[in-house]
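Structural description and commentary
Residue strings, one per chain:
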Amino acid sequence: MLFSILWLSQSLFSYDDDLPIVNRNWALEPRIFSRWRWAFGSEKILDAAYSKYKGRPYRLARGDVDIVILPDEFIGELNKMPQSAITSRKILSSSMTGYLNGMNVLDKTHHHFRMLLTRGTPALPELLPSIMSRVQSATKNIFPHDTHSWTEVRLMTQIVRSIGQVVTLVTLGSSMCDNPELIRLSCEHSTNAFAITFLMRLAPRFLQPILVWLTPFKWRLERGWKRLEDIVVSETQYRKQDPATRCKNPDLLSWMIAEAKTKEEADGCTLTRIIGSVFAAGIWSTAAFIAGVLTDLAAHPHFLTEIRQEIRDKHERIGGNWDALAFNSLDKLDSAMKETVRFAPGTMLVYSRNIEEPITLSNGLQLQPGQTISTSGRSRAMDASVFCSPRQYDALRSYNEDLQKHRTQPFRSIEGKDHRWGVGRWACPGRNLASLLSKVVLVKLLDEYDFAFKTDKNGAMKQPKAPIMHEFVLMSPKATVLVRRREQNSGIFY
Ligand code: HEM
């Protein structure tokens with residue numbers, strides 16, 4: 001009898017598509033085990049699955065959801081599917097526990113996505129001088145001036161503030177982004193939203209709505225949402241009274257009001273949620289990425305010297321007048337950026353999508369509505385048949401491999417061999433901003449400062465590494481480095 005019940009339940013909880021299942025030991029295993037194994041061992045799980053099933057689809061039990069992980073070859077045919085058949089909305093928001101931190105607005109709209117790409121990207125040259133002046137003053141205020149001794153700093157804490165100000169500039173405009181309260185709010189918002197995701201993904205879904213209130217992050221986040229709503233709703237009302245003149249500024253809020261197609265798209269509360277979600281998506285990821293490039297280069301001084309020289313030569317050639325073209329023609333720095341993101345990609349699972357209509361892939365695999373698919377960007381980035389000696393850091397890998405290709409597929413491009421921005425129609429809409437902004441910050445910091453690491457008792461350098469939790473790879477807020485202003489720098493002044 002017991003065996004019959006077990007057999008029946010096992011059959012009910014199994015799939016009938018014969019895909020191998022990874023990270024679940026038996027069909028009835030409580031999902032919490034998969035959650036915890038994934039939270040703390042995702043890198044090993046993906047590596048083991050890739051060596052076993054390379055080139056074949058498999059099903060990954062993440063604990064919160066079962067995801068069909070597809071090999072790269074299928075991305076091309078999936079990209080050709082209509083938007084009604086495959087979408088990124090729900091899975092992005094549920095992976096970020098949007099139902100707990102308010103990012104579930106991403107379920108309902110793609111208005112911000114369109115605006116960031118179709119309005120934000122073309123506006124970058126116009127926005128660049130404002131971005132540069134904010135980075136200039138933030139650097140002066142945040143980083144030490146002493147050229148003789150080293151100061152220990154929490155790298156992320158410093159960089160996040162600068163990035164928070166620029167993302168606020170792009171989302172709310174120059175009239176609002178210098179408000180210290182708003183800068184603090186944007187940074188804290190991003191931190192609290194991620195903290196909730198990281199912690200709550202450890203708990204079963206039914207307990208999350210209760211447990212989340214036991215964390216300080218939820219209370220802080222809710223206070224932040226309230227304050228952000230006050231600011232954004234009143235600003236929205238003000239701009240809506242006269243969109244022709246008050247929505248002329250190049251910022252996300254203005255574009256979204258001016259080009260809203262429905263009443264809801266221009267609603268102050270919806271816009272608050274969208275702005276908050278863009279803070280969460282853009283600030284921490286960009287700051288962590290910049291911190292990663294700096295520490296990688298500091299740990300490999302021969303690359304750092306070469307890249308500094310490239311910056312210095314460019315500075316002289318352009319007579320100190322940095323513009324988008326100058327930033328985008330730093331080939332060696334661009335190559336180092338690709339290499340850092342290959343090791344620390346923000347998220348190891350990319351191209352996560354929900355299936356909305358039945359799809360049959362060219363290998364005969366049937367994808368059903370309600371299923372979730374993804375690809376393992378991490379496995380590709382560490383595949384020796386894609387990247388030679390993949391576990392070795394080589395800042396000039398892309399530059400030396402094929403300079404022509406490196407230039408036609410720079411860091412900001414979605415055409416690269418790895419999937420740093422995701423793939424296809426729904427790849428990261430902030431990629432052009434993230435790339436340009438990172439270069440503005442890196443040019444200034446690499447030229448003007450030296451970075452070093454503390455040593456342990458054996459004298460070995462302690463380079464801070466981005467820890468991995470769940471599928472996320474992000475530099476810790478507690479990571480510290482030693483910083484010293486360089487006596488000999490090019491005097492780059494934005
Ligand atoms: C180095 C920094 C960044 C990295 C590595 C990064 C990477 C990614 C990735 C991999 C995705 C998922 C794409 C997919 O599923 O195919 C994504 C989504 C997203 N990113 Fe970024 N991103 C960065 C910076 C930014 C910035 C600066 C912004 C905005 C100002 C931004 C806004 C977004 C948004 C809104 C989404 C969700 C898109 C949706 O609703 O479907 N990101 N990002």
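About the thresholds
Residues numbered from 1 in each chain as written. Predicted model: local features only at pLDDT ≥ 70, side-chain atom pairs only at ≥ 80, totals over all residues. Heavy atoms only, no water. Helix = DSSP H or I, 4+ residues; strand = E, 2+ residues; numbered from the N terminus. Rg over C-alpha atoms; globule rule 2.2 N^0.38 Å. Buried < 20%, exposed > 50% of the residue type's maximum accessible area, 1.4 Å probe, protein only. Contact = heavy atoms within 4.5 Å. Donors = N, O, S within 2.8 Å, 3.2 Å for Na, K, Ca; no water. Pairing = 2+ DSSP bridges. Axes fitted to C-alpha atoms, helices over the stretch in contact; angles between N-to-C directions. Parallel < 35°, antiparallel > 145°, perpendicular 65-115°, else oblique. Left-handed = near helix turned anticlockwise from the far one by under 90°. Nonpolar A, V, L, I, M, F, W, Y, C, P; charged D, E, K, R; others polar. UniProt positions renumbered as here; feature names shortened; annotations may be inferred. Expected span 1.5 Å × (residues − 1). Bend = angle between axes of the 7 residues up to and from the residue.

1. Looking at the overall build of the protein
Secondary structure summary: the protein contains 20 helices and 14 strands in total. Over its C-alpha atoms the protein spans a radius of gyration of 23 Å, differing by no more than 12% from the 23 Å that the globule rule assigns to 494 residues. Expressed as lengths along the three principal axes of its C-alpha atoms, the size of the protein is roughly 80 × 60 × 45 Å. Per-residue burial for the protein yields a buried fraction of 55% across its 494 residues. Put simply, of all contacts in the protein between residues at least 6 apart along the chain, 73% involve residues at least 24 apart.

2. Description of the coordination of the iron atom of the ligand
You will see that the iron atom of the ligand has only one donor from the protein, Cys428 (SG), lying 2.3 Å away. Along the chain, cysteine 428 turns up in the loop between helix H19 (403-408) and helix H20 (431-448).

3. Some details on the side chain of arginine 62
For arginine 62, the location among the structural elements is in the loop between strand E2 (58-61) and strand E3 (66-69). Here arginine 62 falls in the buried class, since its relative accessible area comes to 2%. Once you skip the residues sitting within four places of it in the chain, arginine 62 turns out to touch Ser34, Arg35, Trp38, Ile67, Ile91, Ser95, Arg201, Leu349 and Glu471.

4. Quick word on the sheet that holds strand E11 (residues 449-452)
Taken in spatial order, the three strands line up as E5-E14-E11 in an open sheet, and their pairing is antiparallel. Where the open sheet ends on each side, the last strands, each with one partner, are strand E5 (151-154) and E11. For this sheet, the mean angle separating the axes of adjacent strands, direction not counted, is 40°. As defined by bridge partners, E5 adjoins strand E14 (residues 480-485) across four bridges and the pair is classed as antiparallel. Paired with threonine 151 across the two strands is valine 483, which belongs to E14. The strands that H20 touches are E11 and E14; relative to E11, the one it contacts most, it runs at about 80°.

5. What about the packing of helix H8 (residues 180-200) against helix H10 (residues 216-241)?
In the contact formed by H8 and H10, the axes pass within 9 Å of each other and the chain directions differ by 140°. When the axes of H8 and H10 are compared, the pair comes out oblique. Here the hand of the crossing between H8 and H10 comes out left-handed. Contacts between H8 and H10 pair Glu181, Leu182, Leu185, His189, Asn192, Ala193, Ala195, Ile196 and Leu199 from the former with Phe217, Lys218, Arg220, Leu221, Gly224, Trp225, Arg227, Leu228 and Ile231 from the latter. Residue classes in the contact of H8 with H10 are distributed as 11 nonpolar, three polar and four charged.

6. Here we look at the sheet that holds strand E13 (residues 472-473)
Read from one edge to the other, the open sheet built from three strands follows the order E6-E13-E12, with strand pairing classed as antiparallel. Here the strands that pair on one side only, and so sit at the sheet edges, are strand E6 (346-347) and strand E12 (468-469). With two bridges connecting them, E12 and E13 associate as antiparallel partners. By the bridge assignment for E13, isoleucine 468 is matched with valine 473.

7. Re the UniProt feature "binding site: heme" (unreviewed entry) in the protein
Within this structure's numbering, the places UniProt gives as "binding site: heme" (unreviewed entry) are Cys428. Residue classification places cysteine 428 among the partly exposed positions, given a relative accessible area of 29%.

8. What about helix H2 (residues 31-53)?
If you check H2, its first and last C-alpha atoms are just 23 Å apart, much less than what 23 residues at 1.5 Å a residue would give, namely 33 Å. Along H2, the sharpest change in direction is near 95° and occurs at glycine 41. Three or more residues of H2 are buried, namely Ser34, Arg35, Trp38, Ala39, Gly41, Ser42, Ile45, Leu46, Ala49 and Tyr53. The first or second residue beyond H2 is glycine 55, which carries a positive phi of 85°.

9. A word on the environment of leucine 155
With respect to the element layout, leucine 155 can be found in helix H7 (residues 155-172). Assessed through its relative accessible area of 3%, leucine 155 is described here as buried. Along the primary structure leucine 155 and alanine 288 are separated by 133 residues, whereas in three dimensions their C-alpha atoms are 9.0 Å apart. Setting aside residues up to four positions removed in sequence, leucine 155 forms contacts with Phe143, Ala291, Leu294, Thr295, Phe451, Ala479 and Val481.

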